[in-house]
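Chain by chain, the residues run as shown.
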Amino acid sequence: MALVTTAAAGQVPAISESAVVGPSTEAVTRVITLKERGFPDGFEIAGLSGSREIYFPIPADAGAQNLRLVLPYRTDSSFNSRRALSIEVSGKTLYTTALPDGFSEGVIDVPINASLIEQGFLAARIVYSGAITEDRCVDQRLSAAYLSFAGSGGLRAQFDGASLTRVASLAAAMPTAIDVDLPAGASAAQTAAALTLMLGGADARLAGNRRTNPALGEGWQVSRVIFADPASPALSVQREAGEPVLQIGGEDPVASARLLRSRWNALVASPAAGSAQRNAGAAATTLTVGDLGGDTSIQNVVDRGQWNVAIPTSAVPAGQRMTGMVVDVAAAEDGGTTRPVIAVLLNGVLLASAEAEDDGRTRLDVDFPQGLTTSRNNLEVSVARQPAGGDCKFAPQGYPAQLLPSSHVKLDPLGTVSDFSDLPAVLNGGFTLVMPGADALGPVASLLGPLASGEGAVTVSYSDMPEVGAVVYVGDQAPAGTDPIVRFDQGAVTIDGENGQTLLDAEAIGELTTVQLLEQGGRTVVWIKPGADFAALATSASPPVLSYGNVAFLAGDQLDFAFHNARERLIDIRYPEENTFSQFLSRYRLWLIGLGWLLVTLGFVYLLRRVIVANKTKD
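None of these values were measured; they are calculated from a predicted model. (Residues numbered from 1 in each chain as written. Predicted model: local features only at pLDDT ≥ 70, side-chain atom pairs only at ≥ 80, totals over all residues. Heavy atoms only, no water.)

## What about the overall build of the protein chain?
- Helices and strands together make up the secondary structure of the protein chain, namely 9 helices and 35 strands.
- Buried positions account for 47% of the 619 residues belonging to the protein chain.
- Of the roughly 29,700 Å² that the protein chain leaves accessible, carbon and sulfur atoms contribute 52%. (Helix = DSSP H or I, 4+ residues; strand = E, 2+ residues; numbered from the N terminus. Buried < 20%, exposed > 50% of the residue type's maximum accessible area, 1.4 Å probe, protein only. Areas by Shrake-Rupley, 256 points an atom, 1.4 Å probe, with all protein chains shown as cover.)

## Quick notes on the pattern of salt bridges
- One pass over the full model with this rule turns up 18 salt bridges.
- With its nearest N and O atoms 2.6 Å apart, the salt bridge here joins glutamate 36 to arginine 30.
- Using a relative accessible area of 15% as the deciding quantity, one classes glutamate 36 as buried.
- Among the residues examined, arginine 30 registers a relative accessible area of 2% and is labelled buried.
- For arginine 567, the salt bridge is made with aspartate 419, and the minimal N-O distance between the two is 2.6 Å. One end of the pair, arginine 567, is in the loop between β34 (558–563) and β35 (572–574); the other, aspartate 419, is in the loop between β25 (408–413) and α4 (423–427), with 148 residues separating them in the sequence.
- Judged by relative accessible area, which is 40%, arginine 567 ranks as partly exposed. (Salt bridge = Lys/Arg side-chain N within 4 Å of Asp/Glu carboxyl O.)

## What about the sheet that holds strand β23 (residues 376–384)?
- With respect to topology, 4 strands assemble into an open sheet ordered β18-β23-β20-β21, the strand pairing being antiparallel. The open sheet has two free edges, formed respectively by β18 (304–312) and β21 (349–355), since each of these has just one partner strand. When strand polarity is set aside, the average angle formed by the axes of neighbouring strands in this sheet is 15°.
- Sheet topology places β18 next to β23; 9 bridges connect them, and they run antiparallel. Bridge assignment links alanine 310 to a residue of β23, and that residue is asparagine 378. (Pairing = 2+ DSSP bridges. Axes fitted to C-alpha atoms, helices over the stretch in contact; angles between N-to-C directions.)

## So, a nonpolar patch on the surface
- A contiguous nonpolar surface patch, about 740 Å² in accessible area, is contributed by Tyr588, Trp591, Leu592, Leu595, Leu598, Leu599 and Leu602.
- One can find leucine 592 in helix α9 (residues 589–618).
- We classify leucine 592 as partly exposed; its relative accessible area is 33%. (Patch = residues over 30% accessible without salt bridge, like charges linked within 9 Å, V, L, I, M, F, W, Y side chains within 5 Å.)

## Looking at helix α5 (residues 441–448)
- A large share of α5 lies buried, amounting to 8 of its 8 residues.
- Turning to α5, its buried residues are Leu441, Gly442, Pro443, Val444, Ala445, Ser446, Leu447 and Leu448.

## Thoughts on the packing of aromatic side chains
- Per the counting criterion, the structure on display carries 5 aromatic pairs.
- Here tyrosine 55 and phenylalanine 121 contribute two aromatic rings whose centre-to-centre distance is 6.5 Å and whose plane-to-plane angle is 85°, an arrangement assigned as edge-to-face. With tyrosine 55 in strand β4 (residues 49–57) and phenylalanine 121 in strand β9 (residues 121–131), this pair connects stretches of sequence that are 66 residues apart.
- Site record: aromatic cluster; members linked through ring pairs are Phe39, Phe43 and Phe149.
- We note arginine 30 situated over the ring of tryptophan 220; from NZ or CZ to the ring centre the distance is 5.9 Å. (Phe/Tyr/Trp six-rings, centres within 6.5 Å; stacked < 30°, edge-to-face > 60°. Lys NZ or Arg CZ within 6 Å of the ring centre and 35° of its normal.)

## A few points about the sheet that holds β4
- Pairing in this open sheet of 4 strands is antiparallel, and the strands run β4-β9-β6-β7 from one edge to the other. Sheet topology places β4 and β7 (92–99) at the edges, where each strand pairs with a single neighbour. Strand-to-strand, the axes of this sheet are offset by a mean angle of 15°, without reference to chain direction.
- As paired strands, strand β6 (residues 82–89) and β9 are joined by 8 bridges and run antiparallel to one another.

## A short note on the environment of asparagine 308
- Considering the arrangement of structural elements, one finds asparagine 308 in strand β18.
- Along the backbone, asparagine 308 and asparagine 378 are 70 residues apart, and their C-alpha atoms lie at a distance of 6.8 Å.
- For asparagine 308, the residues in contact, after removing those within four places along its chain, are Asp295, Asn378, Leu379 and Glu380.
- A polar side-chain atom of asparagine 308 sits 2.8 Å from a polar atom in the side chain of glutamine 306. (Contact = heavy atoms within 4.5 Å. Polar contact = N/O pair within 3.5 Å; in protein donor to acceptor, adjacent residues only side chain to side chain.)

## Remarks on the confidence of the model for the protein chain
- When pLDDT is averaged along the protein chain, the result is 82; 86% of the residues meet or exceed 70.
- Note on residues 1–23: pLDDT under 50 across the span, and 68 contacts to partners over four residues away in sequence or across chains.
- Low confidence marks residues 263–283, where pLDDT is under 50. Its contacts with residues over four positions away, or in another chain, come to 41 contacts. (pLDDT = per-residue confidence, 0-100.)

## What to know about unusual backbone geometry
- Positive phi is not limited to glycine here, since asparagine 66 has a value of about 55°.
- In this model, asparagine 347 sits at a positive phi of 55°, which is unusual for a non-glycine residue.
- Within the secondary structure, asparagine 347 is located in the loop between β20 (341–346) and β21.

## Brief notes about a negative patch on the surface
- There is a patch of like negative charges on the surface, built from Asp505, Glu507, Glu511 and Asp533.
- The topology assignment puts glutamate 511 in helix α6 (residues 506–511).
- When its relative accessible area of 47% is taken as the criterion, glutamate 511 is described as partly exposed. (Lys, Arg positive; Asp, Glu negative; His and termini not counted. Charge placed at Lys NZ, Arg CZ, Asp CG, Glu CD.)

## What about the side chain of serine 169?
- With respect to the secondary-structure elements, serine 169 resides in helix α1 (residues 167–173).
- In contact with serine 169, not counting residues within four places along its chain, are Pro59, Asp61, Ser163 and Leu164.

As structure tokens, then:
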């Protein structure tokens, strides 16, 4: 039986045993890199102590064998020191070694028994420790030592080819990096399904738009999704070049894409999913650290422990906005007179700090100042202890601390949409992309990726504007019924700043991609006017993230200039080819205001002088 789509739009496809197309029992080498697990550049442990916990997903029915933890590393120390590294898997120490003095680099290769896989995950813990001298009171922060691991390292495993012929197993085992292969003449529904897979900051691109691909023999690191005609099963498995490929067909490919993209994708592997009719885009009411995939591991803190949580606005539920944070931290008592100090920072700004409570759990309730949040935010929570010192009497001792999963973002109703950073609250509820053809999908997906989760209903139209709902419009002319902030139907346009200085001239604006946040009949419309290098967005390794303002100009894949027309009083939008009276007033408004004040002042002085002269005549 194949996966089939339910009749009602937006519902999860009913699932039973999935169809197998082109079965193959050849083993597949899967490489789960640190980059895929949330460490795009790897990670570094500074000083002489620290640890990291990494969870590698291994589906229970994948038949994983020949597991190896392969970690390229680099380390250095400014002083002679005794440093050690150990690796624990599922609570068992499998590897330990002494690190040499000075600079060194290499590759750690640890074989792992498949019996250590627990509940679909392989939990690896990297522990780094060291000391400089026999003196127990040495401050480790002065060591200038470090140990770093490259993002290309990770877990290598061989998956049983027969297990990956089922959609449920493939969906659970496939890499998060996805190449989406749209057929020539793709339908609007297929294009909408491809867009759904590329939203939410996912590492998904149209086939051919990925700048770097793993070399042959480096294992399965990039998934491939292809599309079939509506008569094909909603989801099925193909085999190409020795690797499994997920095929989307059926009458409603968007429903299948939403299921794979949404937080309910675990239903794919559930035996009870055959009767599941739950909406994949069901509205969330909370946003916890666990929902965000944040680090909540326990750290043994000697002097300072830190947790970082990325908070993209695309994770915010539809119709909501972030207003603050409730942070729960547990810190064990160390028996000292000085309590640990907990600090909360957002985007590098200190929001609150407090001493840890006696009962071991401390709650900090903070509000976000207006204008601090952006489309991508970084929450930093730290626990600082005062190590016992004195006459080298005490050895440094770490005590456990943890950022608790109950920590959550405070949400309020959105209200007015004023900046690009407010768009996720609108687009997460669903939107329609109106564009002239499928060729614009790659650049648009790169631009919208950080601004929408893909869990809401996404539709695509190649011509008509929908009557209701938010719209992303791609075209050279503004959508009908909108009042553009920057108009292109009045000839050349320039952007001037203070004292009439030209910030963007007409020639530059003609080459740039322009994005504007507009309103049409009470709904939000995002107008994208493609520029000369609009296509560069599709292949960009780091596409721009729209955040501040309601107008943005893009030069290729770089944000050139952004502003908000209601807040930027010194920004002047001019149309030199028009010589209307309103244009004259707009251009010389500051001079006219000054002239008006001068005339009023002169009139007042003249009137005051006449009064004085009249009083003198009477006297």
